[in-house]
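Fold and geometry: a report
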Amino acid sequence: MTTYAALLRGINVGGGKKVPMADLRALLTGLGHTGVRTYLQSGQAVFTTARGDEEALAAELGRAVEERFGFPVDVLVRDHAYLKAVAENCPFPAAELEARQLHVTYYSVPVTPDRFAHLDQAALLPEEFRLGDRCLYLYAPDGLGRSKLAELLGRRPAKGLIATSRNWNTVLKLVELTAPQA
């Protein structure tokens, strides 16, 4: 049995795509998963299952959400080892920063630097980003809401690419929630 985090993109923000967390927990339980929990209202769920294909789990949950709520939702599913590695490999001094200053965008597939070649990174300082394993770390000293870099990074969605961002507190909480139980 493996514990996973499901990251649902764009639910319960801006008045659209409402997914009550109790309903999401029931949906995941109905799919046969155990130990189902949610974190905050912004699209994080944790569950345990014997099935180990992250892409298949994400597709199954995406279909179930669309059937139940009537709208499509992009979903990523990641296991504890991946989430822990993302946190441990942060290229920024996370312990010295406020959580609102550091974000991770999780991607469905690896992204390469050429995807961001159009950006004049020097002109956007002190904001910075670094690529990781199917993720992007964003340092935005004034927070995400004021970040020009975050706006530019989100402008060029590639066909078939799923991307969803979480602040550093959520990144760490997902590591904790998916950790093997002693």
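Right, let's walk through the structure included here.

Moving on: the environment of alanine 22. As for its placement among the helices and strands, alanine 22 is situated in helix α1 (residues 21-30). Judged by relative accessible area, alanine 22 falls into the partly exposed class, the value being 45%. With 12 residues separating them along the chain, alanine 22 and glycine 10 place their C-alpha atoms 17 Å apart.

Applying the stated criterion to the full structure yields 9 salt bridges. Here glutamate 98 and arginine 100 are joined by a salt bridge, their closest N and O atoms 3.1 Å apart. Residues joined by salt bridges that share partners form a network here, namely Glu54, Arg78, Asp133 and Arg134.

Moving on, we get to the pairing of strand β6 (residues 128-132). The pairing of β6 with strand β7 (residues 135-139) spans 5 bridges and is antiparallel. When the bridges of β7 are listed, glutamate 128 appears paired with tyrosine 139. From the end of β6 to the start of β7, which pair antiparallel, there are 2 residues, and arginine 134 there has a positive phi angle of about 55°.

Criteria and cut-off values
- Residues numbered from 1 in each chain as written.
- Predicted model: local features only at pLDDT ≥ 70, side-chain atom pairs only at ≥ 80, totals over all residues.
- Heavy atoms only, no water.
- Helix = DSSP H or I, 4+ residues; strand = E, 2+ residues; numbered from the N terminus.
- Buried < 20%, exposed > 50% of the residue type's maximum accessible area, 1.4 Å probe, protein only.
- Salt bridge = Lys/Arg side-chain N within 4 Å of Asp/Glu carboxyl O.
- Pairing = 2+ DSSP bridges.

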